[in-house]
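This is what each chain is made of:
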Amino acid sequence: MAMKLSFLAMLLCLLLASTPKAHASVFDVTSATYGAKPGSDVSTALAKAWSDACASPSASKVVVPSGTYKLKEANFRGPCKAPIEMQVQGTLQAPADASQLTRPDTWVGFQYIDMLTLSGGGTFDGQGALSWNQNDCHKNKNCKPIPVNLRFEFLTNSKVQDITSLNSKFFHMHVFRCNHTTFQQLTITAPDDSRNTDGIHIGASTGINITHAKIGTGDDCISIGDDSHEITVTDVTCGPGHGISIGSLGKYKDEKDVTGIIVKNCTLTNTDNGVRIKTFPDSPSPSTASGIHYEDIIMVNVSNPILVDQLYCPYTQCEQKPPSKVKISNVSFKNIKGSSFTPLAVKLVCTTGIPCENVELTDIDLTYGGDKGPLTSMCSNVKPTITGVIKGLGCATSSLAPLPLSKK
Ligand SMILES: *[C@@H]1O[C@H](CO)[C@@H](O)[C@H](O)[C@H]1NC(C)=O
Ligand SMILES: *[C@@H]1O[C@H](CO)[C@@H](O)[C@H](O)[C@H]1NC(C)=O
Ligand SMILES: *[C@@H]1O[C@H](CO)[C@@H](O)[C@H](O)[C@H]1NC(C)=O
Ligand SMILES: *[C@@H]1O[C@H](CO)[C@@H](O)[C@H](O)[C@H]1NC(C)=O
Ligand SMILES: *[C@@H]1O[C@H](CO)[C@@H](O)[C@H](O)[C@H]1NC(C)=O
């Protein structure tokens, strides 16, 4: 009888083992093996749990149960032997003082991993207030690096979902050389006056989707840098912040092209900009940004709802030698509704010598309720195709004269 039972148990085990999803090995940082405890620093426990999980030949899951833990540093590196999940249910807290971190530019990093899932409903609390006050990057070109909350590099086929990033010292999430990866159900929060706390910055990545995210920070909610392709942003709410931006482009030498960006069904509230493409006026080498489509966007009290700015020069970091060498083409703004905080609701300032090409404005229905004149628009070095409803916005003024550089 006993033998029969154990034979059945063995059979059952084999059956379960063959369905990897139901049987991911769990590496709980609070287990006796790793010994993490709420209130204390879990850097070592988490590093050990990660390295064991990463070496597991079958799917694995690192779990940080609910509770608040301190975390001085974390660098989760692959490649791993099988799909790996990091499930953070609790809150991880960074040291408030950035000089206590091992890597000056990163608090929590994930690198070289295929099939990573970061999930769990927990919070990465960057405790950034001290760093925001010390950030002098607006006046010092060679300012010290400041740690981002979450840095994702060289990931493929991965998912970052159902987590909160709170009060990062610098950018909240920095995505670099990742392919085919989805970011969803995210909450990203920092005060509107916290400097450089961009929500998600993407660079040199292909096939990235951001969906169902609620982002409110002191800088861009989402920004998309050079060498980015097939990026889709849907169902995102943004505000406060500087809006959803492509760029800045053209700051560095040999930047690569940007292609295939879709931003759809997003709402921006009380942001400085709505949808924006920004390039530095003194780009050292030529590049292009093309196939950029904004559709079904709601603006609520947005200062610059639609903006192409090829004279972008924050903190006078550039040598003021226009024109920008970034060629912008195949851009559409479609079904964009709501309210503008300033009368200049559509501003398309393209570069002299390389006009923007094939720009479409379709069904733009914005209102301005203030007392600074009627709603208006401005175009420079661009002749957009205009269709559908355009309320007073068909390039009301067209400037070929040199325009001032913009700072924000
Ligand atoms: C991502 O895709 C690009 C282009 O398809 C490729 O060159 C690069 O090696 C890929 N990166 C990774 C991390 O797989
Ligand atoms: C991203 O979204 C696009 C369009 O909905 C879809 O074709 C693509 O497969 C998605 N990519 C990922 C990584 O889920
Ligand atoms: C648009 O996004 C909102 C969330 O911001 C979501 O609730 C809604 O279902 C989306 N609509 C469509 C048509 O996808
Ligand atoms: C509209 O936006 C402006 C500028 O960002 C801000 O000062 C003002 O408080 C906002 N109004 C409302 C009603 O939120
Ligand atoms: C722009 O779109 C046209 C057709 O719509 C296409 O032929 C052309 O290759 C596109 N240009 C770029 C740079 O993507």
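Residues numbered from 1 in each chain as written. Chains lettered and ligands numbered in written order. Predicted model: local features only at pLDDT ≥ 70, side-chain atom pairs only at ≥ 80, totals over all residues. Heavy atoms only, no water.

- The name that an unreviewed UniProt entry assigns to the protein chain is Exopolygalacturonase-like, with the source organism given as Prunus mume.
- Listed in UniProt under the heading Sequence similarities (unreviewed entry), the comment for the protein chain reads: "Belongs to the glycosyl hydrolase 28 family."
- Word for word, the UniProt comment on the protein chain under Subcellular location (unreviewed entry) is "Secreted, Cell wall". (UniProt positions renumbered as here; feature names shortened; annotations may be inferred.)

## Topic: the state of the cysteines
Thinking step 1. Within this structure, the stated rule accounts for four disulfides.
Thinking step 2. Each disulfide pairs two cysteine sulfurs, and for C54 the partner residue is C80, the sulfurs being separated by 2.2 Å. One quick way to see it: the torsion about the S-S bond of C54 and C80 is about -100 degrees, and its sign makes the bridge left-handed. Separated by 26 residues along the polypeptide, C54 in helix α2 (residues 43-55) and C80 in the loop between β4 (74-77) and β5 (84-88) bring together distant segments of the chain.
Thinking step 3. On the accessibility criterion, C54 (9% relative accessible area) is buried.
Thinking step 4. Since its relative accessible area comes to 17%, C80 is described here as buried. (Disulfide = S-S within 2.5 Å. Helix = DSSP H or I, 4+ residues; strand = E, 2+ residues; numbered from the N terminus. Buried < 20%, exposed > 50% of the residue type's maximum accessible area, 1.4 Å probe, protein only.)

## Here we look at the site of ligand 3
Thinking step 1. Around ligand 3, a shell composed of D235, T237 and N265 is seen.
Thinking step 2. In the model, an oxygen atom of ligand 3 is placed 3.4 Å from a nitrogen or oxygen of the D235 side chain.
Thinking step 3. The contact in question runs from an oxygen atom of ligand 3 to an N or O atom on the side chain of N265, over 2.4 Å.
Thinking step 4. Contact with the protein chains removes 37% of the 360 Å² of surface that ligand 3 exposes when unbound. (Near = heavy atom within 4 Å. Polar contact = N/O pair within 3.5 Å; in protein donor to acceptor, adjacent residues only side chain to side chain. Areas by Shrake-Rupley, 256 points an atom, 1.4 Å probe, with all protein chains shown as cover.)

## Here we look at the site of ligand 4
Thinking step 1. Every residue near ligand 4 is listed here: N270, N301 and F341.
Thinking step 2. The separation between an oxygen atom of ligand 4 and a polar side-chain atom of N270 is 3.3 Å.
Thinking step 3. N301 has a polar side-chain atom sitting 2.4 Å from an oxygen atom of ligand 4.
Thinking step 4. When ligand 4 is considered free in solution it has 360 Å² of accessible area, and contact with the protein chains removes 41% of it.

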